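Residue-level listing of the chains:
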Amino acid sequence: MTFGGQGPYRPPWPPNGGPPPPYRPHPPNASLWQRLREDEWPPLREVLGHARRLPGCVWVPALCFVWPALFVLVMYPLARSARMKSRAVFPARSHRGIQAPDVMRMQKIRAWIALGASLVILLAYGTSEDWQQAQDQAFFRLAVTPWLLLLTAPAVIALLFRFAPPAARPVMRARLRPAVRTVLWYFGAFTAVPVLFAGVIFLSRTFQGEAAGALLSFALLLPVLWLVFFVGFASTTVVRTAFHTADVHAALPALLTGVLVWELAAVNLLMAGPPPGPPVIQLCALIGGPASVTGVAWWEIGRLRTRYGVTLRS
């Protein structure tokens, strides 16, 4: 069966129709930073074992911040548990149905160039308010991107179904169900955070001054913190994988990325205004980032068409 007359249609994951490649654990001599980049973080005792190897000049300033250090030690097991569950529910290794090293390399190069250009603009023209605004925008994008994906994905998927041949639509429709379950999991956890937090505040005000109320509020606060970590780790995955829509069609993440980046640029312009600098620099910063992302996404779609026969039109 052909998809758009450009070659044989292949399922988006994996390219050869077999099971996905097995997960390879970290090498035995992996550093702590390499372990923290894996899906399963090392236990706390291993982290403390690595910390004991630090020189004394590092420990002396750390002793001046005892309470923050204790807070980190208490929160690390909670964050580790939330990360493991997040990676189990939202696998981070299946964000592209067809793994193309050259495409991933180009995406990383574009991301580093964009980061460098932003830093140069801030160093040359930015004020202290601009630096603070850049940090706020980073957190804002992380919070708003999943919601924009939720609004954008149905329109892009409907357009893709319109272009797909009738013979491919039942398979794509069946593969859409796991993506819908991923959306429900994520927004269920996202909604549970403010609900439980409101319950903690209500109990703390109802039983104010009572030991039982304080213990109950603390017991409810731990699940809230766990969910905050869970949603935080899940957000980075669902944004990068576009809710695992590559299972529906291999080109769908690239299409969503090309549309989403312009929506984020418009939202940032409305919320924070143009970046600092002369009008020419502002125009280049506003258009250059989304245009470069769109160009890489379109190039990725072209590689999928020429190398794997994945096309958009019927």
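See the structure printed just above.
The residue numbering used here restarts from 1 in each chain and proceeds along that chain's sequence as written. Thresholds applied to this predicted model are a pLDDT of at least 70 for local features of residues and 80 or more for the giving and counting of side-chain atom pairs; totals over whole chains, interfaces and linings are not thresholded and use all residues. Side-chain numbers here rest on the full set of heavy atoms in the structure, without hydrogens or water.

Let us look at the overall build of the protein. Helix and strand counts for the protein come out as ten helices and zero strands. Put simply, DSSP H or I for four residues or longer makes a helix, DSSP E for two residues or longer makes a strand, and each gets a number counted from the N terminus. In the protein, the succession of α and β elements from N to C terminus is α-α-α-α-α-α-α-α-α-α. Here the protein holds 314 residues, and the buried ones make up 34% of them. By definition in these notes, contact holds between two residues if any of their heavy atoms fall within 4.5 Å. If you take every contact in the protein between residues at least 6 apart in sequence, the share linking residues at least 24 apart comes to 81%. About 18,600 Å² of surface is accessible on the protein, with carbon and sulfur atoms providing 70% of the total. Accessibility here uses a 1.4 Å probe with only protein chains present; expressed as a share of the type maximum, an area under 20% marks a residue as buried, one over 50% as exposed, and anything in between as partly exposed. In this description, accessible areas are obtained by the Shrake-Rupley approach with a 1.4 Å probe, and a residue is regarded as covered only by the protein chains that are shown.

Attention now goes to the nonpolar core. We define the nonpolar core as a collection of buried residues of types Ala, Val, Leu, Ile, Met, Phe, Trp, Tyr and Cys that are connected through side-chain atoms lying within 4.5 Å of one another. If you look at the biggest cluster of nonpolar residues, it comprises 41 residues, and the most contacted ones within it are Phe90, Met172, Tyr186, Phe230, Phe243, Leu252 and Leu256. Elements represented by at least two residues in this core include exactly helix H4 (66-89), helix H6 (128-163), helix H7 (169-206), helix H8 (211-241), helix H9 (252-272) and helix H10 (279-308). Top element by residues in this core is H6. It accounts for eight residues. Setting aside residues up to four positions removed in sequence, Phe90 forms contacts with Thr182, Trp185, Tyr186, Phe230, Ala234, Thr237, Val238 and His244.

Attention shifts here to H6. For H6, spanning 36 residues, the distance from its first C-alpha to its last is 49 Å, which sits close to the expected 52 Å at 1.5 Å a residue. Of all the bends in H6, the greatest reaches close to 35 degrees and is centred on Val144; the proline Pro146 follows between one and four positions later. The length a helix should cover is 1.5 Å for every residue beyond the first. Bend is the name given here to the angle between axes fitted to two runs of seven residues, the run ending at a residue and the run starting at it.

On to the packing of H6 against H7. As a rule, the C-alpha atoms of each element are fitted with a line to give its axis, helices using only the stretch in contact, and angles between N-to-C directions run from 0 to 180 degrees. The contact between H6 and H7 brings their axes to 12 Å, and the two run at 170 degrees. Relative to H7, the element H6 is oriented roughly antiparallel. Residues Pro146, Trp147, Leu150, Ile157, Leu160, Phe161 and Arg162 of H6 form the contact with H7, whose own contacting residues are Arg169, Met172, Arg173, Leu176, Val183, Tyr186, Phe187 and Phe190. Amino acids are sorted into nonpolar (Ala, Val, Leu, Ile, Met, Phe, Trp, Tyr, Cys and Pro), charged (Asp, Glu, Lys and Arg) and polar (every other residue, Gly among them). Residues of the contact of H6 with H7, tallied by class, amount to twelve nonpolar, no polar and three charged. Here the angle decides the label: under 35 degrees means roughly parallel, over 145 means roughly antiparallel, 65 to 115 means roughly perpendicular, and every other value means oblique.

Attention now goes to the environment of Val103. Relative to the assigned elements, Val103 resides in helix H5 (residues 101-125). Since its relative accessible area comes to 4%, Val103 is described here as buried. Excluding residues that lie within four positions of it along the chain, Val103 makes contacts with Trp299, Glu300 and Arg303.

Take a nonpolar patch on the surface next. Together, Trp112, Leu115, Leu119, Leu123 and Trp131 make up an exposed nonpolar region whose accessible area comes to about 560 Å². With four residues, H5 is the single largest residue contributor to the nonpolar patch. Take Leu115: it is sitting in helix H5. Patch definition: residues above 30% relative accessible area lacking any salt bridge, with like charges linked at up to 9 Å and the nonpolar side chains Val, Leu, Ile, Met, Phe, Trp and Tyr linked at up to 5 Å. We count a salt bridge whenever a side-chain nitrogen from Lys or Arg sits within 4 Å of a carboxyl oxygen from Asp or Glu.

Quick look at the side chain of Ser235 now. Within the secondary structure, Ser235 is located in helix H8. Each polar contact in these results corresponds to two N or O atoms within 3.5 Å; when the atoms are within protein, one needs to be able to donate a hydrogen and the other to accept it, and residues that are neighboring in sequence are counted only if both atoms are side-chain atoms. At 2.6 Å, the side chain of Ser235 and the backbone oxygen of Val231 are in polar contact. With residues up to four places along the chain from it excluded, the contact list for Ser235 reads Leu142 and Tyr186.

Before going further, it helps to examine the packing of aromatic side chains. Note on ring pairs: Phe, Tyr and Trp rings are taken, using the six-membered ring of Trp, and paired if centres are within 6.5 Å. Classes follow the plane angle, with under 30 degrees stacked, over 60 edge-to-face and the rest tilted. All chains considered together, the criterion is met by seven aromatic pairs. In textbook terms, an aromatic cluster arises when at least three aromatic residues are bridged by ring pairs, as seen for Phe90, Trp147, Tyr186, Phe187, Phe190, Trp226 and Phe230. Only Lys NZ and Arg CZ are tested; either one counts as a charge over a ring when it is within 6 Å of the ring centre and within 35 degrees of the ring normal. The cationic tip of Arg83 hangs over the ring face of Phe233; the distance from NZ or CZ to the ring centre is 5.3 Å.

A word on the side chain of Thr237. Within the secondary structure, Thr237 sits in helix H8. Side chain to side chain, Thr237 and Arg87 meet in a polar contact 2.9 Å long.

Note on helix geometry: an α-helix contains 3.6 residues per turn, so any two residues three or four positions apart are oriented the same way. Here H5 is 25 residues long and its end C-alpha atoms lie 36 Å apart, about the 36 Å a rise of 1.5 Å per residue gives. Those residues of H5 that fall on the buried side of the exposure criterion are Asp102, Val103, Ile121 and Leu122. Against the buried residues of H5 lie H6 and H10.

As a further point, take the packing of H5 against H6. The description of two packed helices rests on the angle between their axes and on the distance between the axes. Axis separation between H5 and H6 bottoms out at 9 Å; the angle between their running directions is 155 degrees. Regarding the angle of H5 to H6, the classification is roughly antiparallel. For the pair H5 and H6, the sense of crossing is right-handed. Mapping the contact onto sequence places Leu119, Leu122, Leu123 and Tyr125 in H5 and Asp130, Trp131 and Ala134 in H6. Its residues assigned to classes, the contact of H5 with H6 shows six nonpolar, no polar and one charged. When the near helix sits turned anticlockwise from the far one by under a right angle, the crossing is termed left-handed; a clockwise turn instead gives a right-handed crossing.

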